[in-house]
Amino acid sequence: LIGSMVAGLLTADPPSETDSIINQGFIVLNVASIFFSVNAVLLSVITMMYLQPLDGAAAEKFICFAGLYFGEPITGIFYSVVLFLDAVCIWVWGAVGPGAGAFTLTIVCSLLIRLMVTTQWLSGWRNWEIPQKERDRRYNVATLSEHEDAGAKKSDRT
């Protein structure tokens, strides 16, 4: 979705003269936004391709092993949205003028602050339906996986 919005913005009339710094910044932000969006989709597809045939303990160990790659797509989408909105601000600033550009920038900053506050608030949520024993088991899977990986790496060197 973000990629199609960015591609649509790239086909719009340039915000100013082709060789101006405003137009160059507009293009660079859009290209960076497309990169993060495509990267998020590809990482999601690749990690799910490896996870799909696994179940139970094997799936848990794989998620612990590759946890970074399961979390990176949401960060990439967030970066993509931020860069897209920055490009929109530049486009409005160059095409309409500084007054509309400053107003657009204010709206975008408010939106981004709201997104960050919401994300921070939701990250503190805890599912009380999960018993403490299951929480401890999940924590131990992650901890043991880290120690097993460290032990394997250490034994590989010796």
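Please read all numbers here as calculations on a predicted model, not as lab measurements. (Residues numbered from 1 in each chain as written. Predicted model: local features only at pLDDT ≥ 70, side-chain atom pairs only at ≥ 80, totals over all residues. Heavy atoms only, no water.)

**Observations regarding the overall build of the protein chain**
Point 1. Each helix and strand counted, the protein chain has six helices and zero strands in total.
Point 2. For the protein chain, the N- to C-terminal ordering of α and β elements is α-α-α-α-α-α.
Point 3. Across the 158 residues that make up the protein chain, the buried fraction comes to 25%.
Point 4. Of all intrachain contacts in the protein chain linking residues separated by at least 6 positions in sequence, the fraction that spans at least 24 positions is 62%. (Helix = DSSP H or I, 4+ residues; strand = E, 2+ residues; numbered from the N terminus. Buried < 20%, exposed > 50% of the residue type's maximum accessible area, 1.4 Å probe, protein only. Contact = heavy atoms within 4.5 Å.)

**A look at a nonpolar patch on the surface**
Point 1. A grouping of Val38, Leu42, Ile46, Met49 and Tyr50 is seen on the molecular surface, where their side chains present a nonpolar patch of about 510 Å² in accessible area.
Point 2. Secondary-structure assignment places Leu42 in helix H2 (residues 21-51).
Point 3. The class of Leu42 is partly exposed, set by a relative accessible area of 48%. (Patch = residues over 30% accessible without salt bridge, like charges linked within 9 Å, V, L, I, M, F, W, Y side chains within 5 Å. Areas by Shrake-Rupley, 256 points an atom, 1.4 Å probe, with all protein chains shown as cover. Salt bridge = Lys/Arg side-chain N within 4 Å of Asp/Glu carboxyl O.)

**Comments concerning the packing of aromatic side chains**
Point 1. Here the structure, examined in full by the defined rule, presents four aromatic pairs.
Point 2. The interplanar angle of 65° and the centroid separation of 5.1 Å between the aromatic rings of Phe36 and Tyr79 together place this pair among those described as edge-to-face. Of this pair, Phe36 sits in helix H2 while Tyr79 sits in helix H4 (residues 67-95), and the two are 43 residues apart along the sequence.
Point 3. Between the aromatic rings of Tyr50 and Phe62, the centroid separation amounts to 6.3 Å while the plane-to-plane angle is 20°, which identifies the pairing as stacked. You can see Tyr50 sitting in helix H2 and its partner Phe62 sitting in helix H3 (residues 56-65), a full twelve residues away along the chain.
Point 4. Over the aromatic face of Trp128 sits the side chain of Arg135, whose NZ or CZ is 6.0 Å from the ring centroid. (Phe/Tyr/Trp six-rings, centres within 6.5 Å; stacked < 30°, edge-to-face > 60°. Lys NZ or Arg CZ within 6 Å of the ring centre and 35° of its normal.)

**Regarding the environment of Gly71**
Point 1. Among the structural elements, Gly71 can be located in helix H4.
Point 2. Using a relative accessible area of 33% as the deciding quantity, one classes Gly71 as partly exposed.
Point 3. Separated by 31 residues in the primary sequence, Gly71 and Ala40 place their C-alpha atoms 9.6 Å from one another.

**A few points about the nonpolar core**
Point 1. Formed by 13 residues in total, the largest nonpolar core has its most connected members in Leu9, Phe84, Leu85, Ala87, Val108 and Leu112.
Point 2. Going through the elements one at a time, helix H1 (2-10), H2, H4 and helix H5 (98-123) are the ones with two or more residues in this core.
Point 3. It is H4 that contributes the most residues to this core, seven residues altogether.
Point 4. Residues within four places of Leu112 in sequence aside, it is in contact with Val82 and Leu85. (Core = buried A, V, L, I, M, F, W, Y, C linked by side-chain atoms within 4.5 Å.)

**Digging into H5**
Point 1. Taking 1.5 Å per residue as the helical rise, H5 with its 26 residues ought to reach 38 Å, and the 37 Å between its terminal C-alpha atoms agrees with that figure.
Point 2. All of the buried residues along H5 are Gly101, Thr104, Val108 and Leu112.
Point 3. Here the buried face of H5 lies against H4. (Expected span 1.5 Å × (residues − 1).)

**Thoughts on the side chain of Thr104**
Point 1. Among the secondary structure elements, Thr104 is positioned in helix H5.
Point 2. The exposure class assigned to Thr104 is buried, which follows from its relative accessible area of 15%.
Point 3. Contacts of Thr104, omitting those with residues within four sequence positions, involve Val88, Cys89 and Val92.

**Concerning the pattern of salt bridges**
Point 1. According to the stated counting rule, one finds two salt bridges in the structure shown.
Point 2. Glu60 is the partner of Arg137 in a salt bridge, and the nearest nitrogen-oxygen pair spans 2.6 Å. Of this pair, Arg137 sits in helix H6 (residues 132-157) while Glu60 sits in helix H3, and the two are 77 residues apart along the sequence.
Point 3. Taking relative accessible area as the criterion, Arg137 reaches 33% and is therefore assigned partly exposed.
Point 4. Overall, the relative accessible area of 25% leaves Glu60 in the partly exposed class.
Point 5. Salt-bridge contacts for Arg137 lead to Glu134; the nearest nitrogen and oxygen are separated by 2.8 Å. Of the two residues, Arg137 and Glu134 both sit in helix H6, three residues apart, roughly one turn of that helix.
Point 6. Within the structure, one salt-bridge network assembled from shared partners comprises Glu60, Glu134 and Arg137.

Function cannot be read off these values alone, since they describe shape.
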